[in-house]
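Overview (structure and organization)
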Amino acid sequence: MRAETLAIHAGNLYNISTQDVTPPINLSTTFLRNEDGGYSGGHMYSRVSNPNRSALENTIAELEKGADACAFSSGNTAGMSVFQAFKPGSHIIAPDDMYWGFKRQLQTIFADTLSIDFIDLTDIELIKQHIKPNTVMIWTETPSNPLLKITDVAAIAEISKANGLILACDSTFASPCLQNPIALGADIVMHSSTKYIGGHSDVLGGVLITAEKNEFWEKIRNIQQIGGAVPSPFDCFLLVRSIKTLSYRMRGHCENGMALALYLQNHPAVETVYYPGLPTHPGHEIARKQMSGFGGMLSILVRGGAAEARRIVNQVKLFAQATSLGGVESLIEHRASVEGPDTKTPQNLIRISVGLEHIDDLIADFEQALAVKQL
Ligand SMILES: *Cc1c(COP(=O)(O)O)cnc(C)c1O
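Residues numbered from 1 in each chain as written. Predicted model: local features only at pLDDT ≥ 70, side-chain atom pairs only at ≥ 80, totals over all residues. Heavy atoms only, no water.

**Topic: the sheet that holds strand S2 (residues 91-95)**
Strand order in the open sheet made by the 7 strands is S1-S7-S6-S5-S4-S2-S3, with mixed pairing throughout. If you trace the sheet from one side to the other, it starts and ends with strand S1 (68-72) and strand S3 (115-119), each paired once. Taken pair by pair, the neighbouring strands of this sheet meet at an average axis angle of 20 degrees, ignoring direction. Bridge count for strand S6 (residues 188-192) against strand S7 (residues 206-210) is 5 bridges, and the pairing is antiparallel. Among the inter-strand pairings, serine 192 is bridged to a residue of S7, identified as glycine 206. Against the sheet, helix H2 (residues 51-63) touches S1 and S7, its axis set at about 130 degrees to S1. (Pairing = 2+ DSSP bridges. Helix = DSSP H or I, 4+ residues; strand = E, 2+ residues; numbered from the N terminus. Axes fitted to C-alpha atoms, helices over the stretch in contact; angles between N-to-C directions. Contact = heavy atoms within 4.5 Å.)

**What to know about the environment of asparagine 180**
Within the secondary structure, asparagine 180 is located in the loop between helix H7 (175-178) and S6. Spatially, the C-alpha atoms of asparagine 180 and methionine 291 are 8.0 Å apart, while their sequence positions differ by 111 residues. The residues contacting asparagine 180, other than those within four sequence positions of it, are Leu63, Glu64 and Lys65.

**Thoughts on the packing of helix H3 (residues 75-84) against helix H4 (residues 100-108)**
Contact geometry of H3 with H4 gives a least axis separation of 10 Å together with a crossing angle of 40 degrees. Judged by the angle between their axes, H3 and H4 are oblique. Here the hand of the crossing between H3 and H4 comes out right-handed. Together, Gly75, Asn76, Gly79, Met80 and Phe83 of H3 and Phe102, Gln105 and Leu106 of H4 make up the contact between the two elements. Here the residues of the contact of H3 with H4 are counted per class, giving 4 nonpolar, 4 polar and no charged. (Parallel < 35°, antiparallel > 145°, perpendicular 65-115°, else oblique. Left-handed = near helix turned anticlockwise from the far one by under 90°. Nonpolar A, V, L, I, M, F, W, Y, C, P; charged D, E, K, R; others polar.)

**So, the state of the cysteines**
Applying the stated rule across the entire model yields 0 disulfides. Cysteine cysteine 70 remains unbridged, with the sulfur of cysteine 236 as its closest cysteine sulfur at 12 Å. Free cysteine cysteine 169: the closest other cysteine sulfur is in cysteine 177, separated by 15 Å. (Disulfide = S-S within 2.5 Å.)

**Some thoughts on the side chain of histidine 191**
The residue histidine 191 is located in strand S6 in this model. Among residues more than four places away in sequence, those in contact with histidine 191 are Glu64, Gly75, Ser171, Thr172, Ser175, Pro176, Ile197, Gly205, Gly206, Val207 and Ile209.

**Re the domain arrangement of the protein chain**
Along its sequence, the protein chain is organised into domain 1 (3-243) and domain 2 (247-371). Placing a centre on the C-alpha atoms of domain 1 and another on those of domain 2 gives a separation of 26 Å. Both sides together, the interface formed by domain 1 and domain 2 hides about 2,800 Å², and carbon and sulfur atoms give 58% of it. Looking only at domain 1, the three residues that lose the most surface to domain 2 are Ile150, Leu178 and Tyr196, adding up to 26% of its buried area. (Domains from an automatic or database assignment. Buried area = accessible area lost by both parts, 1.4 Å probe.)

See the structure below:
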């Protein structure tokens, strides 16, 4: 089945006794045991599993073409569960522009236990040079945040397989509809489901998907179940509901993203547009090969430095000045001030999450915000 169909049906684990078309929210924390001690309903205690979470995990695994999925209470805990699965002394290769929350985890929580090289993963030779005897994983993120860098997942999968490493991919910016890293050779896929999967800026969550149910995946399941960073049944219900429209939302995000990128690229107030759909983007050819659309995230460098960037984010009316991304409403932010004083993000960079409003309204909003200076 295609993604549109799976998205609508894979989460419907029908309850034969009540015959619901839409599965209800099951709040029970504990489940009845049979006389023989077994659990014929398939659930024992809701930290371990519950019907709403199973429905979500089933849907996500199907959409990402994986063998299984684990849902977490945030994207951060999903990623952290992968890092926690390695022995102290392990070495990880990660992108130099890794999602800053993960970079912070690795540099603080795991500073004494894991060693990490943050390098440019678009440079395949550089990756090969950084593999050591204790290297266990290459963590990729594509498109990356906030520079929309594209890494070639299939090319890195070759290196990772040849060296017996785990290849993980943070695919949040792409969503399961635009890219399937497992099909490109990744072992683990990660999403912040707070973003496109949830799509309405009203639920926090994260997911991991595995290519194979192996020993490493067992460790992750254990961390999820014993660690307990699990989403609530209501969170899972919301996500299953959101996924039903994911493919159609992504089409709208891609269409609006491309149109806004083209408009901004031709605007004299804009120095650079980072959007993988533009032929001028350095990762465009790889993006065309591994993605079925370029998404709704773009960043721009504006002329006039940090002050002008801050002025523009205050001047737009439809784009809400807020962090996060992937919702139906457009968001905008001056990224460097979100990331703090030691950020490498350019001071004149504005990150935009293009929503599903009408594109003419979005462009008109930028037109007035960018024009004010000339008056
Ligand atoms: C938001 C985000 C995360 C973290 O997810 P949370 O749900 O905020 O914990 C990880 N990776 C990327 C690329 C993100 O955008």
